[in-house]
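# Coordinate analysis (summary)
Here are the chains, one letter per residue:
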Amino acid sequence: MNGRVSLASEVNNLPAPRDSIEVQKQKFADKGLTDQDLVTLVGGHTIGTSACQFFRYRLYNFSTTTANGADPSMDAAFVTQLQSLCPADGDGSRRIALDTGSPNRFDTSFFTNLRNGRGVLESDQKLWTDASTRTFVQRFLGIRGLLGLNFNLEFGRSMVKMSNIGIKTGTEGEIRRVCTAIN
């Protein structure tokens, strides 16, 4: 069921593209989700896109430690590719695939991208650069020496957990006839 009120302030608990790992982990923990759920559900970015406006800051004037000023956690060739798609003064609403390896397949290519410095969103790339979440990424990739995780299976489990957050019952909510409007 959906609530009968729709307020922008109620989405502040959603992860944002610039959130640190600690902030992401806390937002998930506040909803009863684990660090593994965080990595698993963000892995859903294996399908979908983002507008340039949400990551373009990583491509220009992000750092003084790289020759091109880009985020140093990004693969240099990938930065060049993204800069051509999202010029500094270009259309911020242009959509770019979050998984450039296999944008239309639900698979572990997204995690390979993170390992290779090809995460589009900063918050996604941090799953690899932060040791506390990297292990889960490695487990989805089947890195030798670690107990592997089946992404499809774990994604289903994490989605079920997430679907049980804040369920509205009885008069607390409604099943909307039109998703974007209160009945």
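Each remark here, short or long, concerns the structure printed above.
Here's a quick rundown of the structure. (Residues numbered from 1 in each chain as written. Predicted model: local features only at pLDDT ≥ 70, side-chain atom pairs only at ≥ 80, totals over all residues. Heavy atoms only, no water.)

## Observations concerning the overall build of the chain
Rule in force here: By definition, any uninterrupted DSSP run of H or I lasting at least four residues is a helix, any uninterrupted run of E lasting at least two residues is a strand, and each is numbered from the N terminus. Only heavy atoms matter for contacts: two residues are in contact if any of them lie within 4.5 Å across the pair. Shrake-Rupley sampling with a 1.4 Å probe provides the accessible areas, and residues are treated as covered by the protein chains on show and by no other component.
Broken down by element type, the chain carries 7 helices and 2 strands. Seen in sequence order, the chain has helices and strands lined up from the N terminus as α-α-β-α-β-α-α-α-α. Dimensions of the chain, computed from the C-alpha atoms along their principal axes, are close to 60 × 45 × 30 Å. For the chain, the proportion of contacts with a sequence separation of at least 24, taken over those separated by at least 6, is 64%. On the chain, roughly 10100 Å² of surface is accessible, and the fraction owed to carbon and sulfur atoms is 53%.

## What about the side chain of Asp 107?
Structurally, Asp 107 can be placed in the loop between β2 (95-97) and α4 (109-115). Apart from the residues lying within four places of it in its own chain, the contact partners of Asp 107 are Thr 46, Asp 99, Ser 102 and Phe 151.

## With respect to the packing of helix α2 (residues 35-42) against helix α7 (residues 151-163)
This is how it is decided: Orientation is described by lines fitted to C-alpha atoms, with helices fitted over the stretch in contact, and by angles between N-to-C directions that extend from 0 to 180 degrees. Between 65 and 115 degrees an angle is taken as roughly perpendicular, under 35 as roughly parallel, over 145 as roughly antiparallel, and anywhere else as oblique. Asp, Glu, Lys and Arg are counted as charged, while Ala, Val, Leu, Ile, Met, Phe, Trp, Tyr, Cys and Pro are counted as nonpolar; the rest, among them Gly, fall into the polar class.
In the contact formed by α2 and α7, the axes pass within 9 Å of each other and the chain directions differ by 110°. Judged by the angle between their axes, α2 and α7 are roughly perpendicular. In this structure, α2 contributes Gln 36, Asp 37, Thr 40 and Leu 41 to the contact, and α7 contributes Phe 151, Glu 154, Phe 155, Ser 158, Met 159, Lys 161 and Met 162. Split by residue class, the contact of α2 with α7 holds 5 nonpolar, 3 polar and 3 charged.

## Thoughts on the packing of aromatic side chains
Defined as follows: Any pair of Phe, Tyr and Trp rings, taking the six-membered ring for Trp, is counted once the centres come within 6.5 Å. Such a pair is stacked with planes under 30 degrees apart, edge-to-face with planes over 60 apart, and tilted for the rest. Only protein chains enter the accessibility calculation, which uses a 1.4 Å probe; a residue is then buried when its area is under 20% of its type maximum, exposed when over 50%, and partly exposed in between.
In this structure the tally under the stated criterion is 8 aromatic pairs. Centre to centre, the rings of Phe 106 and Phe 151 are 5.0 Å apart; their planes meet at 20°, and the pair counts as stacked. Residue Phe 106 is located in the loop between β2 and α4, and its partner Phe 151 is located in helix α7; the two are separated by 45 residues in the primary sequence. For Phe 106, a relative accessible area of 31% puts it in the partly exposed group. We classify Phe 151 as buried; its relative accessible area is 4%.

## Structural notes on the pattern of salt bridges
Proximity of charged atoms lets side chains of opposite charge pair with each other. Short version of the rule: Each reported salt bridge corresponds to a side-chain nitrogen of Lys or Arg within 4 Å of a carboxyl oxygen of Asp or Glu.
If you walk through the whole model with that rule in mind, you get 9 salt bridges. A salt bridge links Asp 75 to Arg 118; its shortest N-O distance comes to 3.5 Å. Residue Asp 75 is located in the loop between β1 (49-51) and α3 (76-85), and its partner Arg 118 is located in the loop between α4 and α5 (122-129); the two are separated by 43 residues in the primary sequence. A residue is classified by how much of its surface remains accessible, and Asp 75, at 29% relative accessible area, is partly exposed. Between Glu 122 and Lys 126 there is a salt bridge, with its nearest N and O atoms 3.5 Å apart. In this pair, Glu 122 and Lys 126 both sit in helix α5, 4 residues apart, roughly one turn of the helix.

## Some details on the nonpolar core
What counts here: What we call a nonpolar core is a set of buried Ala, Val, Leu, Ile, Met, Phe, Trp, Tyr and Cys residues that are connected through their side-chain atoms within 4.5 Å.
Among the nonpolar cores identified, the biggest contains 19 residues, and Val 39, Phe 111, Leu 114, Leu 127, Val 137 and Phe 140 are the most heavily contacted of them. Among the secondary structure elements, those contributing two or more residues to this core are α1 (21-29), α2, α4, α5, α6 (131-141) and α7. Ignoring anything within four residues of it in the chain, the contact list for Val 39 reads Phe 111, Leu 127, Thr 133, Phe 136, Val 137 and Phe 140. Listed in part, the 13 residues of the second largest apolar core include Cys 52, Leu 59, Met 74 and Leu 121.

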